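Geometric and topological summary
So the chains spell out like this:
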Amino acid sequence: MINLILVSHSGKLAEGLKDLLREMAAETPILLAAGLADGKIGTDVGRIEQAFGNISDDALILTDIGSATMNAELALELYAGDRDIRFVDVPLVEGGFLAAVLSGQGKSLDEIITALEAEFKK
Amino acid sequence: MKLTTNDLRTALLNAADKMEEHKDELTDLDREIGDGDHGINMSRGFQAVKKELEAKQDFADLGELSKLVGMTLIKTVGGASGPLYGTIFVKFANTWKGVGEAEGDALVSGFEEALEGIKTRGKADAGEKTMIDVWTPFINALKSEGDLSHAIDEGLAHSKTIMATKGRASYFGEATKGVQDPGALSSSLLLNELKEALHD
Ligand SMILES: [Mg+2]
């Protein structure tokens, strides 16, 4: 099942979103790379890399703003593992909803990305 | 113009001191049109670089030095500046791999790759009130053997007058006109030190 990695500046925002997605797709693995140590606001490439190390299948990254996206793209460039991990630039909440449901239905990474792009990149 | 590995190392140590001197100014500017962390972030990142460079004095080439600096900045700066400044040095490292001294086209291409790298990373271009508005005239002057100091100052002054359309500052719209972009200012500090490292 495709894993979702939520990259946000805020730990609370990501935790809240995870709760929300759980209601729609209880089985979809969701990993968080959000906030900084000591609860501060920010994104950290190290936390994204940590999430990469904990995925159980191929994965999709969704981000909130600015440096979340930059750090996600940077982490992907530095990634040397053999999972297929991809980033798609769509709204975090709405995109997360669709991606979590589709992953729960057993869709492939390609299918999920195609659906997200069709929905959000009109 | 020529850049040696040892001169780049010295320039980075000096840049770390400059970031420290301007720490509050960078943070205050970021408070006006951003999230108020730029000076703190740049200080933390460049102090970490300083520590690495004081611990290791001899580098095989510009590539090895740049790689260490890039990875250190990525890990320590935070914000959007971590990936952006990190990318500059990762691009230097790729371009100058195995190169002890860069001059002529090799020197220019390192800077060009770095600029392309930050444009791609930030999805930004010249004229959006970012660090790119300082790097672009610097590189143009480097290519045409023009006055580097003048290019940095002009880029910085022009970027102050325009409106931000990228990054956090863009949410402040018209209010950004007349305010110095903190990333443009920190880039001018770094480029002024790199300029000092370039010799005929
Ligand atoms: Mg900031």
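Up top is the structure these notes are about.
What comes next concerns the included structure. (Residues numbered from 1 in each chain as written. Chains lettered and ligands numbered in written order. Predicted model: local features only at pLDDT ≥ 70, side-chain atom pairs only at ≥ 80, totals over all residues. Heavy atoms only, no water.)

Okay, the overall build of chain A next. Counting secondary structure elements, chain A contains 5 helices and 4 strands. Listed N to C, the secondary structure of chain A is β-α-β-α-β-α-β-α-α in terms of helices and strands. Taken along the three principal axes of its C-alpha coordinates, chain A extends 35 × 30 × 30 Å. Sorting the 122 residues of chain A into buried and exposed places 45% on the buried side. Contacts in chain A between residues at least 24 apart in sequence constitute 75% of all its contacts with a sequence separation of at least 6. As displayed, chain A has an accessible area near 5800 Å², and 49% of this comes from carbon and sulfur atoms. Across chain A, the mean location of the 10 positive side-chain charges is 4 Å away from that of the 20 negative side-chain charges. (Helix = DSSP H or I, 4+ residues; strand = E, 2+ residues; numbered from the N terminus. Buried < 20%, exposed > 50% of the residue type's maximum accessible area, 1.4 Å probe, protein only. Contact = heavy atoms within 4.5 Å. Areas by Shrake-Rupley, 256 points an atom, 1.4 Å probe, with all protein chains shown as cover. Lys, Arg positive; Asp, Glu negative; His and termini not counted. Charge placed at Lys NZ, Arg CZ, Asp CG, Glu CD.)

Six octahedrally arranged donors around a metal ideally form angles of 90 or 180 degrees; four tetrahedrally arranged donors ideally form angles of 109.5 degrees. Protein ligation of the magnesium ion involves Asp30 of chain B (OD), Asp35 of chain B (OD) and Asp37 of chain B (OD), the donor distances falling in the range 2.0 to 2.3 Å. Looking at Asp37 of chain B, the relative accessible area reads 21%, which means it is partly exposed. (Donors = N, O, S within 2.8 Å, 3.2 Å for Na, K, Ca; no water.)

Each partner contributes to the interface: chain A provides 11 residues, whereas chain B provides 12 residues. With both chains or domains summed, chain A and chain B bury close to 1000 Å², and 60% of this area falls on carbon and sulfur atoms. A salt bridge links Arg121 of chain B to Glu77 of chain A, with the shortest nitrogen-to-oxygen separation between them at 2.9 Å. The interface formed by chain A and chain B contains 3 residue pairs in polar contact (both at pLDDT 80 or more). (Buried area = accessible area lost by both parts, 1.4 Å probe. Salt bridge = Lys/Arg side-chain N within 4 Å of Asp/Glu carboxyl O. Polar contact = N/O pair within 3.5 Å; in protein donor to acceptor, adjacent residues only side chain to side chain.)

Another aspect to go through is the sheet that holds strand β2 (residues 30-34) of chain A. The strands making up a sheet associate through hydrogen bonds between their backbones, and the pairing can be parallel or antiparallel. Residue and element names in this part refer to chain A. One open sheet accounts for 4 strands, arranged β2-β1-β3-β4; its pairing is parallel. Looking at the sheet topology across the chains shown, the edges are occupied by β2 and β4 (85-87). Averaged over all adjacent pairs, the angle separating strand axes in this sheet is 20 degrees, with direction ignored. Note that strand β1 (residues 3-8) and strand β3 (residues 59-63) share 5 bridges and pair parallel. (Pairing = 2+ DSSP bridges. Axes fitted to C-alpha atoms, helices over the stretch in contact; angles between N-to-C directions.)

Honestly, that's just the spatial picture; any functional story needs more than this.
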